[in-house]
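Here are the chains, one letter per residue:
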Amino acid sequence: MGDEIYRPAEDTFMLADAVDGVHGCYALEIGTGSGYIASILSKGFRLVVATDVSLEALIYAKESHPDSRNVEFVCCSNADPIAGISFDLIAINPPYLPSQRIEDVAVDGGEQGIEVAMAMLRSASRLLSSGGRVIMVTSSLAGYDLLLSSLHGIGLEGRVTARKRYGFEDLILLEIRHAAQPHRDHRA
C-alpha cells in the first residue's frame, strides 16, 4: 500500500463494527482510503459511493475489493461534486489529529483536530436523507465537544454512541442526524 493510503486501524475497525449489518438503498463513505468500509457497506446497500482525494487510494480500494461491484469510486475533496442523490448512511473516518498544517491528509485534522471533519460534514449534510445518519469516528485528542456544538450551524445534531480506549487516546463514535425542527404553534 502506498503512503497516501490510510491503512485500516483501530478507528477503521470501530467504524466497521458500527456500520456492519446496516441496510438501506444508498450509502456514502467520505475518505475511503483502503476501501475497507466501502466493502462492508456494499453488503447492505444497493449503491455505495466512496470518495477520496487520493487517486492512488481509489485505485487500490477498487482493486482490493473486486467483489464490491455496487461501489462507485469518486476522486474528489469530501463529497463536493456529488449531487442528485440522498444517502441513508454516510460513514466518515476523518483525519482527526490536531496539527498546525495539513501535511499528511490521512491523519492531520487541523488546529483543533476537527477542521477537516467539519468540512466533510458540511459537504455531506446536503446529501443526507431526511431520516439518514452520519456515523463518524473521532478522538479524544480532537476537540470533539466543539465539533458536536458546531453541528447546529450546519443543521445537524450529534451524540456520542461509543467510546473505546486505545493507547493514549479514546476513540469516539458519533451518530449525527439532521437537527430536529422546533415545533411551531400555528394558532393565531
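One structure accompanies this document, and this report is about it.

Definitions and limits used
Residues numbered from 1 in each chain as written. Predicted model: local features only at pLDDT ≥ 70, side-chain atom pairs only at ≥ 80, totals over all residues. Heavy atoms only, no water. Helix = DSSP H or I, 4+ residues; strand = E, 2+ residues; numbered from the N terminus. Rg over C-alpha atoms; globule rule 2.2 N^0.38 Å. Buried < 20%, exposed > 50% of the residue type's maximum accessible area, 1.4 Å probe, protein only. Areas by Shrake-Rupley, 256 points an atom, 1.4 Å probe, with all protein chains shown as cover. Lys, Arg positive; Asp, Glu negative; His and termini not counted. Charge placed at Lys NZ, Arg CZ, Asp CG, Glu CD. Core = buried A, V, L, I, M, F, W, Y, C linked by side-chain atoms within 4.5 Å. Contact = heavy atoms within 4.5 Å. Arc of directions from axis to C-beta. Polar contact = N/O pair within 3.5 Å; in protein donor to acceptor, adjacent residues only side chain to side chain.

Turning next to the overall build of the chain. On a plain count of helices and strands, the chain comes out with five helices and nine strands. Each helix and strand of the chain, ordered N terminal to C terminal, gives the series α-β-α-β-α-β-β-β-β-α-β-α-β-β. Scaling as 2.2 N^0.38, a compact globule of 188 residues should have a C-alpha radius of gyration of about 16 Å, and the chain matches this with 16 Å. If you line up the chain on its principal axes, its C-alpha atoms span 65 × 40 × 30 Å. Counting all 188 residues of the chain, 49% fall into the buried class. Roughly 9,500 Å² of accessible area belongs to the chain as shown, and the carbon and sulfur atoms make up 50% of that amount. Across the chain, the 16 positively charged side chains and the 25 negatively charged ones have centroids separated by 8 Å.

Below, the discussion takes up the nonpolar core. Counting residues in hydrophobic clusters, the biggest one holds 49 residues, and the most contacted among them are Val19, Leu28, Leu41, Ile90, Leu121, Met136 and Leu147. With near-sequence residues (within four places) excluded, Leu41 lies in contact with Val19, Ala27, Glu29, Val48, Leu89 and Ala91.

Positive phi, normally seen in glycine, also occurs at Asn78, with a value near 55°. Within the element layout of this structure, Asn78 appears in the loop between β3 (71-75) and β4 (87-92). Among the residues examined, Asn78 registers a relative accessible area of 12% and is labelled buried.

With that out of the way, let us pick up helix α3 (residues 55-64). Where α3 is concerned, the buried positions are Ala57, Leu58 and Ala61. Take α3 and look down its axis: the buried residues cluster within an arc of 100°, on one side only. α3 presents Leu55 and Glu63 as exposed residues on the side facing more than 90 degrees away from its buried surface. Of the surrounding secondary structure, the elements contacted by the buried residues of α3 are β2 (45-52) and β3. Between the side-chain oxygen of the N-cap and the backbone nitrogen of Glu56 there are 3.4 Å, and the N-cap of α3 in question is Ser54.

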